[in-house]
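Summary of structural features
Listed here are the chains, written in short residue letters.
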Amino acid sequence: MDIIDECNSIIVQIESPTHEEDAAVPEETSQVVRTLFQGTVLIQPCPKDHPCLRDSKQKYPEGEPVFLFTLKNMVDSKVSMVPMGMINFVTRKVIGGMWINLLKIAEDIREGKRSQHMEAIMVKAELYDWVKNRIEVMNDKAVAEASRNSEEDETKDDDDVNDAAGAADADADTTKGAGMDTEQGAMGEVTAEEPGTMDEAKEGTAKDDQQQ
């Protein structure tokens, strides 16, 4: 299922095949009980801050696209005499190990080490080609989105710098204005005291004239 336009993801739904769909699957009889399995794989670009990527021991080359695979499944093991808690515990452990093995198999196929798997892929080439094509589209969209977000962050940083510079200029103007007010106040004080000083000067001048 392609939901790239909605949330840039691909969903693969999995169901356990029946004997009619695949002859390799044993036909269910009174002596053969088949476990039923339903699963969903969600494929999406891995966010850079995702815990799985952060805690991964795998080192990825710079610039290499990294995808997040999320697996959700439901299993009816048809084992009624075993407590459900134990079934859930075993299922979680088994599924975890199975997922690691699947990744290892995928790496082997990529390196050409598993001819039978490669032949099976060729049988369903249409499906695998579709998935590969959609993943490339999904990756291109993720790269374009990351580039756009980076440009927006740079623009925002520039705006923040300009705002900070404007605020600093405003503070400087306010400080300068306050300094001018202080100077004007000091000059006003001097002017206010000036008449007394002038009177004293006049009195001194008058006394000098009388003495002469």
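Right, let's walk through the structure included here. (Residues numbered from 1 in each chain as written. Predicted model: local features only at pLDDT ≥ 70, side-chain atom pairs only at ≥ 80, totals over all residues. Heavy atoms only, no water.)

Remarks on the pattern of salt bridges
Under the counting rule described, the total for this entry stands at six salt bridges. For the salt bridge of Asp108 with Lys104, the shortest nitrogen-to-oxygen distance reads 2.9 Å. With Asp108 and Lys104 both in helix H3 (residues 84–110) and four residues apart, the pair spans about one turn of that helix. A salt bridge links Asp108 to Arg114; the shortest N-O distance between them is 3.2 Å. For Asp108, a relative accessible area of 7% corresponds to the buried category. Under the relative-accessibility criterion, Arg114 is labelled partly exposed at 29%. Look at the salt bridges and you will find they share partners, linking Lys104, Asp108 and Arg114 into a network. (Salt bridge = Lys/Arg side-chain N within 4 Å of Asp/Glu carboxyl O. Helix = DSSP H or I, 4+ residues; strand = E, 2+ residues; numbered from the N terminus. Buried < 20%, exposed > 50% of the residue type's maximum accessible area, 1.4 Å probe, protein only.)

A closer look at unusual backbone geometry
One non-glycine residue, Asn8, adopts positive backbone phi at about 50°. Looking at the element boundaries, Asn8 is found in the loop between helix H1 (4–7) and strand S2 (9–15). Using a relative accessible area of 9% as the deciding quantity, one classes Asn8 as buried.

Re the layout of surface pockets
For the second largest pocket, the calculated volume is near 760 Å³. Lining the second largest pocket are 23 residues; nearest its centre among them are Pro45, Cys46, Lys48, Val66 and Ala146. Looking at which element gives the most residues to the lining of the second largest pocket, the answer is helix H5 (residues 125–211), with six residues. For the lining of the second largest pocket, the per-class residue count stands at 13 nonpolar, six polar and four charged. (1 Å grid on protein atoms, 1.4 Å probe; cavity = no way out; pocket = protein on both sides within 12 Å on 5 of 7 lines; lining within 4 Å. Points joined across faces, edges and corners; volume = space filled by probe spheres on them. Nonpolar A, V, L, I, M, F, W, Y, C, P; charged D, E, K, R; others polar.)

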